[in-house]
Amino acid sequence: MDTPNLPGNAEGFDVAVIGAGVVGCALARAFTLAGARVVVLEKAADVLDGASKGNSAILHTGFDAPEGSVELACIREGYALYHQIRDRLGLPLIRAGAMVLAWSEAEVAELPALMAQAVANGVTDVQAVTAAEALRLEPQLSAKVMGGFRVPGEHLIDPWSAAHGYLLQALENGATLMRQAEVLTGRRSQGVWHLATTAGAVQAGLVINAAGLWGDEVDRRVTGESWFTIKPRKGQFVVYDKTAASLLGHILLPVPTKTTKGIVVCRTAYGNLLVGPTAEEQDDREHATLDQPTLQALMQRGQDILPALAGHEVTAAYAGLRPATEEKEYRIRTDLAEDYICVGGIRSTGLSAALGIAAHVLRLAERSYPPLENPVWPQMPSLTGEAPRDWQTPGHGGILCHCELVTRREVEAALTGPMAAGSMGGLKRRTRVTMGRCQGFYCSAELARITEGRLAQPMLGGGDGAD
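Keep in mind the model is a prediction, meaning the values are calculated, not measured.

Enquirer: Please provide a residue-by-residue account of the state of the cysteines, values included.
Expert: The tally for this structure, following the rule as stated, stands at zero disulfides. With no disulfide of its own, C25 lies closest to C74 among cysteine sulfurs, the gap being 17 Å. The exposure class of C25 is buried, given its relative accessible area of 1%. C403 provides the cysteine sulfur closest to C438, a residue in no disulfide bond, and the two sulfurs are 3.7 Å apart.

Enquirer: Residue-level account of the packing of helix α2 (residues 70-89) against helix α8 (residues 350-365), with values.
Expert: Across the interface, α2 lies against α8 with an axial gap of 6 Å and an inter-helix angle of 110°. The angle between the axes of α2 and α8 places the two elements in the roughly perpendicular class. On α8, the residues that touch V70, C74, I75, E77, G78, Y79, L81, Y82 and I85 of α2 are S352, A353, L355, G356, I357, A359, H360 and R363. Considered class by class, the residues forming the contact of α2 with α8 number eleven nonpolar, four polar and two charged.

Enquirer: Which residues make up the domain arrangement of the protein, and what values go with them?
Expert: The assigned domain composition of the protein is domain 1 (11-93 + 156-228 + 326-381), domain 2 (98-152 + 231-322) and domain 3 (390-451). Its C-alpha centre places domain 1 at a distance of 28 Å from the equivalent point of domain 2. Every contact between the two is made by 27 residues of domain 1 and, on the other side, 29 residues of domain 2. Summing both partners gives a buried area of about 2,500 Å² for domain 1 against domain 2, and 63% of it is carried by carbon and sulfur. Contact with domain 2 buries area across many residues of domain 1, yet F63, L156 and L213 alone supply 29% of it, more than any other trio. Linking domain 1 with domain 2 are one salt bridge. Viewed at the interface, domain 2 and domain 1 are joined by eleven residue pairs in polar contact (both at pLDDT 80 or more). Counted by class, the side of domain 1 that touches domain 2 contains twelve nonpolar, eight polar and seven charged residues.

The rules behind these values
- Residue positions are counted from 1 within each chain, in the order its sequence is given.
- Note on the predicted model: pLDDT of at least 70 is required for a residue's local features to be given, and 80 or more for side-chain atom pairs to be given and counted; whole-chain, interface and lining totals, by contrast, use all residues.
- Only hydrogens and water are removed before side-chain values are computed, so all heavy atoms of the structure are retained for them.
- We call a pair of cysteine sulfur atoms a disulfide when they lie within 2.5 Å.
- Here's how the labels work: a residue is buried when its accessible area is under 20% of the maximum for its type, exposed when over 50%, partly exposed in between, all with a 1.4 Å probe on protein chains only.
- Axis definition: a line fit to C-alpha positions, over the contact stretch in the case of helices; interaxial angles, taken between N-to-C directions, run 0 to 180 degrees.
- The way it works is that DSSP assigns letters per residue, a run of H or I at least four long becomes a helix, a run of E at least two long becomes a strand, and they are numbered from the N terminus.
- Should an angle lie under 35 degrees it is considered roughly parallel, over 145 roughly antiparallel, and from 65 to 115 roughly perpendicular; all remaining angles are considered oblique.
- Contacts: residue pairs with any heavy atoms within 4.5 Å of one another.
- For this classification, the nonpolar set comprises Ala, Val, Leu, Ile, Met, Phe, Trp, Tyr, Cys and Pro, the charged set comprises Asp, Glu, Lys and Arg, and every other residue, Gly included, is treated as polar.
- Per the annotation, domain bounds derive from an automatic or database assignment of domains.
- Accessible area that two parts lose when put together, evaluated with a 1.4 Å probe and summed over both, is termed the buried area.
- In what follows, salt bridge is the name for a side-chain nitrogen of Lys or Arg lying within 4 Å of a carboxyl oxygen of Asp or Glu.
- Under the rule applied, a polar contact is a pair of N or O atoms within 3.5 Å (in protein, one hydrogen donor and one hydrogen acceptor; residues adjacent in sequence only if both atoms are side-chain atoms).

Pasting the structure below:
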């Protein structure tokens, strides 16, 4: 395609990754550690600003993934890789375990097949539980439960520090991040891709499209065609106050349907309790709005499962968009003759599968680069309490957000470095500032002063500040 003559950096790279969601961040890490010179092109002001900013934060085992699928293979490999690297990057893991619960005779009838599928998928430690056993394991559970099975390996993680850690490791080992760099067109000449972006021209030997909700559009802009269509699927969540987290140990999963894993009730890595997501088809790729009737229905569903939730307060609600397509499968396509790989249709399992997808795509690329010796392993800040928090160590400069115990030093650190927050949403994801019970009522004024001139949009200027 024709490439506009834009000013900017025309530096050449081995690999250009389009999109800085969790999959793009994992791809950047994998190719950088393999020795490639990598550039990540993100159209937003910050990373994780698309589909990856809203999910249920579960590290899945793949027990219910389609047998023999690429998705299953990537989840299983991603799950194993997360366990391998999490200590070296300082990433949390809350070993919750899950229970898949049936609430009707029809759902009870589906349990044996789901357990058989789990075993076939390599998740061999699933255990059937009667209603009485489920109530013994979770005493706050509704007595209407009719049975289920345990999946001990399902865990909770921080949905954002994982992706931040992947990308930060790539950056600290030589990768480049270009933000507000929307890819406009692509042209391949003499074995080199020439990408025109809103931040300037970029040249790369291999292009990997990991643009999430815009994957099909990026396909068309770069190659002139796309083989799939994104069909955004909205998921709304309600988040209960930290007092509700004591009601539950396991992740409570419903019997899944063909289109969705259903509404989950679980703690979060930050000590809250969430109920969601919904699964709502829509055309809008950018806006995930909340609506009161749906949130009320989620709260009711939560109370149907855990009646004691009625006595706890909802402190927040959010919605995310999953990049679903016309098919359930991941849409990963490799064109080595054109040095182009599309990684599309990565839906709700993307967080669990990201490291596996990156390893899979690295193998598909069939490239070799000068080996990277002694890679840097950055340590991510502790936000979940699994390790000591910053407020528990001297010299933190004072607590800025008392709801989430976020210090001034943490905020300042998140605003500096190779992956400095570029938006208020990005600063929240790095620190949890303003994400507690008061939703920033008490700390926003001081936060606006600290962030002045350092974010793409000022905190009190509307838009981004409301993220």
